[in-house]
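# Summary of structural features
What follows is each chain in one-letter form.
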Amino acid sequence: MTLTQLRYVAKVAECDSITEAARQLYISQPSLSSAVRELEGELGIVIFNRSARGISLTPDGSEFLSYARQILEQTELVEQRYAHARPSKRLFAISSQHYAFVVNAFVRLLESVDADEYEMTLRESRTYEIIEDVAGYRSELGVLYLSSFNEKVLRKLMRENHLSYTPLFDARPHVFLSTSHPLAGAESVTLADLDAYPYLCYEQGTHNSLYFSEELLPFESHRKTIVLTDRATLFNLLRGVNGYTISSGVLNSDLNGDDIASVPLETDETMQLGYLTNDRARLSPMATRYLKELRSLIAQEGYEVLG
């Protein structure tokens, strides 16, 4: 087993494609495939599932990758210390449901980084894909919510994928509305009050189960529904069609503007925001710094920080 083989495996996992990994590594695809298969033969495991649809990590491959990345990180530190190598880029990736406070903490992290080069990734993604990203080491952290409705299903997925969930804060559900909306000034609203207005929600792709819905109360019916994928588009439609969406109630005027209102929703349901980590990997210093910024921001918003 060589460091080159470990780098090959890490790159293939990062790209989810042998073809793309070979292109970035400046080697031929057959050479890369051969090197990976030789390593699999030496270790006696299958690292990647291969099919006509592409490749994916096997459970053995996921575990091996966590060890491989630790070896590669330690190798970089040794090279920097003794070979006067150029400092490596600081890397960090997070996947999240569409929350302004997650983006705001990400901005704070970037402002605190003192480095000439870095590579950071923020994926605003679908619920199932957040779990896949953290399980497959594409992201160190995954932010999502749990409720009495989805908790049993999502925790089962977490256990199956060797993920841990740490709570951040409990939130009373709110609806986001344009400040020009007729109900924007209300002390609270019910779903019946909102029945005449378009309900905006995020599309969940092939895993479109109610349990993966990003919005609380997915089992409630709505006369008018608009399904979309982008947070900016959602907020534009809040303004443009007097729509509404259900969320945690945490807004940021720098990111969302001053023309969006947050109104409490009358319901007995609650939502808990938290983050996922991979049990087989250790958090990087950058991920730890991000969580510190996230908790600080939540406290500033007046919520009790959990976990």
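Residues numbered from 1 in each chain as written. Predicted model: local features only at pLDDT ≥ 70, side-chain atom pairs only at ≥ 80, totals over all residues. Heavy atoms only, no water.

### Comments concerning the sheet that holds strand β5 (residues 141-146)
The strands making up a sheet associate through hydrogen bonds between their backbones, and the pairing can be parallel or antiparallel. Condition: A pair of strands is treated as paired once DSSP finds two or more bridges between them. Going along the chain from the N terminus, every DSSP run of H or I of four or more residues is numbered as a helix, and every run of E of two or more is numbered as a strand. Every axis in this analysis is a line fitted to C-alpha atoms, fitted for helices over the stretch in contact. Angles between the N-to-C directions lie between 0 and 180 degrees. Throughout, a contact is declared for two residues whenever any of their heavy atoms are within 4.5 Å.
Here 5 strands make up an open sheet; going across it, the order is β4-β3-β5-β12-β6 and the pairing mixed. Single-partner strands in this sheet number two, and they are β4 (118-124) and β6 (163-171). Along the sheet, successive strands turn relative to each other by an average axial angle of 20°, direction set aside. When β6 meets strand β12 (residues 271-278), the two strands line up antiparallel, connected through 8 bridges. Counterpart to aspartate 170 in the pairing with β12 is glutamine 272. The strands touched by helix α6 (residues 127-135) are β3 (90-96), β4, β5, β6 and β12; relative to β5, the strand with the most contacts, the crossing angle is about 145°.

### Topic: helix α8 (residues 231-240)
The test is simple: Using a 1.4 Å probe on the protein chains alone, a residue whose accessible area is under 20% of its type maximum counts as buried, one over 50% counts as exposed, and one in between counts as partly exposed. Starting at the helix axis, one direction is taken to each C-beta atom, and the arc is that of these directions. The term polar contact refers here to a pair of N or O atoms within 3.5 Å; inside protein, the definition further demands a hydrogen-donor-capable atom paired with an acceptor-capable atom, and it admits residues adjacent in sequence only when both atoms are side-chain atoms.
Within α8, burial applies to Arg231, Leu234, Phe235 and Leu238. In an axial view of α8, the angular spread of the buried residues amounts to 95°, which keeps them on one side of the axis. Where α8 begins, one side-chain oxygen reaches toward the backbone nitrogen of alanine 232, 3.0 Å away; that side chain belongs to aspartate 230. Looking at the residues trailing α8, positive phi occurs at asparagine 242, about 55°.

### Examining α6
For the α-helix, the turn length of 3.6 residues means that residues three or four positions removed from each other point alike. Among the residues of α6, those classed as buried are Thr127, Ile130, Ile131, Asp133, Val134 and Ala135. Of the residues trailing α6, tyrosine 137 is marked for its positive phi of about 65°.

### Examining the side chain of serine 125
Note on placement: serine 125 falls in the loop between β4 and α6. Assessed through its relative accessible area of 11%, serine 125 is described here as buried. Contacts of serine 125, omitting those with residues within four sequence positions, involve Ser96, Gln97, His98, Ile130, Asp133 and Glu214.

### Structural notes on the packing of helix α5 (residues 100-112) against helix α10 (residues 285-300)
Convention followed: Each angle is binned into one of four classes, with values under 35 degrees roughly parallel, values over 145 roughly antiparallel, values of 65 to 115 roughly perpendicular, and all other values oblique. Put simply, a crossing is left-handed when the front helix is turned counterclockwise from the back one by less than a right angle, and right-handed when it is turned clockwise. In the scheme used here, Gly and all other residues not listed as nonpolar or charged are polar, with Ala, Val, Leu, Ile, Met, Phe, Trp, Tyr, Cys and Pro taken as nonpolar and Asp, Glu, Lys and Arg as charged.
The interhelical angle for the contact between α5 and α10, taken along N-to-C directions, is 125°, at an axis separation of 9 Å. By the angle class used here, α5 and α10 are oblique. The chirality of how α5 crosses α10 is right-handed. In this structure, α5 uses Phe101, Val102, Asn104, Ala105, Phe106, Arg108, Leu109 and Ser112 to contact α10, whose residues at the interface are Met286, Arg289, Tyr290, Glu293, Leu294, Ser296, Leu297 and Gln300. Looking at the contact of α5 with α10, its residues break down into 9 nonpolar, 4 polar and 3 charged.

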